[in-house]
Amino acid sequence: MAESRIRVLVAKPGLDGHDRGAKVIARALRDAGMEVIYTGLRQTPEQIVAAAIQEDVNVVAMSLLSGAHNHLFPKVVELLKEKDAADILVIGGGVIPENDIPFLKEKGIADIFTPGTPTKKVVEYIRNNVEL
Amino acid sequence: MSEKGTLQELTNAKEKWTKGTVEKALSKYKERKEEFVTSSGIPITRLGTPLDLQEVDYLDNLGFPGEYPFTRGVQPTMYRGRLWTMRQYAGFATAEESNKRYRYLLEQGQTGLSVAFDLPTQIGYDSDEPIAQGEIGKVGVAIDSLADMEVLFHEIPLDKVSTSMTINSTAAILLAMYVVVAEKQGVSLELLRGTIQNDILKEYSARGTYIFPPSPSMRLITNIFEFCAGNVPQWNTISISGYHIREAGSTAVQEVAFTLADGIAYVEAAMKAGMDVDNFAGRLSFFFNAHNDLFEEVAKFRAARKVWAKIMKERFGAKKPRSWMLRFHTQTAGSTLTAQQPDNNVVRVAMQTLAAVLGGTQSLHTNSREEALALPSEESVRIALRTQQIVAYESGVPETVDPLAGSYYVENLTLEVEKRVWEYIKKIDAMGGAVKAIEQGYIQKEIADSSYAYQKEIEAGQRIVVGLNKFQVEEQSLQGLLQVDPAVGETQIKRLQELKKSRDNLAVQNKLADLQQAAQGNDNLMPYILDAVRLYATEGEICNVLRDVFGEYRPVEIL
């Protein structure tokens, strides 16, 4: 049933070109029965938020390996709030030092998944935290 | 390799061994796996014997090092003459800080520089552009203009070091800056040695720092070939890279096949632009990954040399032996490093170093243990460099040329990799070449399929990664990771703004207008870029001119 499927936007913010992780996550979520939209590379926070609203997603999952996460992830959360879309679950992944995680959570990123995380864990996390 | 009679005897003996001794053992203890395969899915024999080498004619397939088809190496004496160049990729924050790291590495016995640029520099945005915010100085050094480049190479004599620059869509601009710094140091361009990556095709398929569409990008690349052939004869004009293709998740076979297919596209483009193949082919270089599967990696390097030699000689009719040689840089595989128990990565890197050296690399970067977590500290970079030095000076491996030659297993694997590479090249040829295959998303899809399969194997426990899905421990998070000061962005923007006030802006505008006109026509763009760079036109300004004329690449996204 189409209505009951979780919709996820997998997004690559900033200039980072490493998309192996984003693509693996996108496929794994799709294989787990979710609807997945992948933004492709080099998206600004504004573009990501516009796509999230237009596609009516439940989750925005961002991947970043360039070190710009502290700048870009919180921006997406802020813009979602501005657009009355704060109910969208925002998660992140990539090369993100543990010391940055408390800051990101404080800024409204629900959780951060670092290298080595099994895709199953991300699937479960989304299922447990999205109410359809 | 053997006489017929003895081969028959051997076949019989092996069959007897298999049905007798082996079967008996298997009835008691099964083998660990139903099927043993390499990373590329090549079946692995239980036991290599001379029977595996029946197809190998020594002179045709292997020959001698320094001679066609170069299977055994590109230099006649390999590391007995000179060790590989130890070249650690580095660069972060500002030009001052990176300059300090380079001078430290040179003092530590490193023999070549390798410059990492930040993403705005790689994608042609000045540091004051909104899209650059958060990225300045993060994955490499920020270079906005010649002024930054002058600081980057301050007190580094450009006639004494060789410099590799990981720069692609903006390679022409960064090369122009390097050339002008050399001029200012009073160094003759004939003495400049180094490499620019300049490989746009793998940016579309695997690495992501493209700007322009394929056709003007290929024009810029051939412009560089031509400019260097006439002015900077020792410069490696391109580093055709499989490294990032492998990092994006390809197999070893795909890494070689897609890289050589890209190589074919560059040679064709330059020949189409009217260049004689022997005039530029000797300056083509390659860049591969050294992954974990030791023997398959060695076979991969050997097969790559052999296939490229054949392509250059037979397909393109190159006459000079230098044009047939596949010379390559290697980097150990970043994607094999684990965030868990990061000290284990030192061991992985040592094994990958061995693969690169047994495979006959010309230069090597070894990764540092904490790179799954952050940029490496000075101490970790030193361990990585020491790893190369231990293999070079203590292991004995460099003392003879191509030591694994003649191994039943490695020779057979080399043949098998070669066969599979040719199959891919034929398939890509049939699609109309690498550019077409990329535009159709074929190469991206092949890589993504392999990468997903690899991840599924790890999650199913079919592939063991020590510390990740087996032998885990509870661990404390690693402290003291290197962080780029967020103030770097502000400092860089301030420098840029001051530069724009102090230079001759009218002259800059004139040179940019000349460049625009040239870009609309067919001239070689290098002299125009050099003129603009000399007057401190910024990288972003030059790229914006080219964006106006060439447009920007819009990728197909295939999941």
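In this text the structure is predicted, and so the values were computed from the model without any measurement.

Trainee: Help me out: how do you make sense of the interface of chain A and chain B in this one?
Mentor: Between chain A and chain B, the residue contacts involve 28 residues of the former and 32 residues of the latter. Elements represented by at least two residues in the side of chain A that touches chain B include exactly α1 (20-31), α3 (69-82) and α5 (119-129) of chain A. With five residues, α1(A) is the single largest residue contributor to the side of chain A that touches chain B. Per-class residue counts for the side of chain A that touches chain B are eleven nonpolar, ten polar and seven charged.

Trainee: I keep staring at the pairing of strand β7 (residues 238-241) of chain B and nothing clicks. Help me out?
Mentor: When a strand is regular, its side chains alternate between the sheet's two faces. Residues and elements named next belong to chain B. The alternating pattern of β7 places I238 and I240 on one face and S239 and S241 on the opposite face, and all of these are buried. For β7 and strand β8 (residues 284-290), the ladder comprises four bridges, and the chain directions are parallel. The partner of S239 across the bridge, within β8, is S285.

Trainee: Can you help me understand the environment of B:K19 in this one?
Mentor: Examined against the element boundaries, B:K19 turns out to sit in helix α1 (residues 4-28). Note: C-alpha distance between B:K19 and B:Q254 (235 residues apart in sequence) is 36 Å.

Trainee: Got a minute to help me understand the sheet that holds β7(B) in this structure?
Mentor: Residue and element names in this part refer to chain B. Spatially, the five strands line up as an open sheet ordered β1-β10-β9-β8-β7, and their pairing is parallel. In the strand order of this sheet, the two ends are held by β1 (85-86) and β7, each with one partner. Bridge analysis of β1 against strand β10 (residues 363-365) gives two bridges, and the strand direction is parallel. By the bridge assignment, M86 is partnered in β10 with L364.

Trainee: Explain the packing of helix α12 (residues 294-315) of chain B against helix α16 (residues 408-431) of chain B here, please?
Mentor: Working note: a packed helix pair is described by the angle between its axes plus the distance between those axes. Residue and element names in this part refer to chain B. One way to put it is that α12 packs onto α16 with a least axis distance of 8 Å and a crossing angle of 55°. Between α12 and α16, the interaxial angle falls into the category oblique. Once α12 is placed against α16, the crossing between them reads as right-handed. Here F295, E296, V298, A299, K300, R302, A303, K306 and V307 of α12 lie close against α16, whose contacting residues are Y409, V410, L413, T414, V417, E418, V421 and W422. Looking at the contact of α12 with α16 residue by residue, the class counts come to eleven nonpolar, one polar and five charged.

Trainee: Is there a simple way to explain helix α22 (residues 539-550) of chain B in this structure?
Mentor: All names here are of chain B. Taking 1.5 Å per residue, twelve residues should reach 16 Å; α22 reaches 16 Å between its end C-alpha atoms and fits that length. Looking only at α22, the buried set comprises E539, G540, E541, I542, C543, V545 and L546. For α22, the elements touching its buried residues are α4 (119-123), α6 (171-185), α20 (505-520) and α21 (526-534). Positive phi shows up at G551, right after α22, with a value of about 80°.

Trainee: Explain the confidence of the model for chain B here, please?
Mentor: Caution is warranted with low-pLDDT regions, since their predicted coordinates should not be read in detail. Across chain B, the average pLDDT comes to 95, with 99% of residues at 70 or higher. Interface confidence in the predicted complex, given as ipTM, is 0.93; pTM for the same model is 0.96.

Trainee: How do you make sense of the sheet that holds strand β3 (residues 113-115) of chain B when you look at a structure like this?
Mentor: Strand pairing in a sheet is mediated by backbone hydrogen bonds. Such pairs are either parallel or antiparallel. Residues and elements named next belong to chain B. Pairing is parallel in the open sheet, where five strands are placed in the order β2-β3-β4-β5-β6. Every interior strand has two partners, whereas the edge strands, β2 (89-90) and β6 (235-236), have only one. In terms of strand pairing, β2 meets β3 through two bridges, oriented parallel. Residue pairing across strands places Y89 opposite S114, the latter belonging to β3.

Trainee: Looking at this structure, I do not really get the nonpolar core. What am I missing?
Mentor: Side chains of a nonpolar character, in soluble globular proteins, are inclined to be buried together. Ranked by internal contacts, the top residues of the largest apolar core, which has 189 residues, are A:V8, A:V60, B:L260 and B:I529. If one sorts the elements of this core by residue count, helix α10 (residues 252-272) of chain B sits on top with 13 residues. The contact partners of A:V8, leaving out residues within four places of it in the chain, are A:L29, A:M34, A:E35, A:V36, A:V57, A:N58, A:V59, A:A61 and A:I126.

Trainee: Where do I start with α3(A) in this structure?
Mentor: It helps to recall that an α-helix has 3.6 residues per turn; residues three or four apart then point in one direction. All names here are of chain A. Relative to the 20 Å expected for 14 residues at 1.5 Å per residue, α3 spans 20 Å between its end C-alpha atoms, a close match to the ideal helical length. Here α3 has its buried residues at H69, L72, F73, V76, V77 and L80. For α3, the angular spread of the buried residues around the axis is 135°, confining them to a single face. Looking at the packing, one finds that the buried side of α3 touches α2 (45-54), β3 (59-64), β4 (89-94) and α4 (101-106). A positive phi of about 55° marks D84, the residue just after α3.

Definitions and cut-offs
- Residues numbered from 1 in each chain as written.
- Chains lettered and ligands numbered in written order.
- Predicted model: local features only at pLDDT ≥ 70, side-chain atom pairs only at ≥ 80, totals over all residues.
- Contact = placed C-beta atoms within 7 Å.
- Helix = DSSP H or I, 4+ residues; strand = E, 2+ residues; numbered from the N terminus.
- Nonpolar A, V, L, I, M, F, W, Y, C, P; charged D, E, K, R; others polar.
- Buried ≥ 20, exposed ≤ 12 C-beta atoms within 10 Å, placed from the backbone.
- Pairing = 2+ DSSP bridges.
- Axes fitted to C-alpha atoms, helices over the stretch in contact; angles between N-to-C directions.
- Parallel < 35°, antiparallel > 145°, perpendicular 65-115°, else oblique.
- Left-handed = near helix turned anticlockwise from the far one by under 90°.
- Expected span 1.5 Å × (residues − 1).
- pLDDT = per-residue confidence, 0-100.
- Core = buried A, V, L, I, M, F, W, Y, C linked by C-beta atoms within 7 Å.
- Arc of directions from axis to C-beta.

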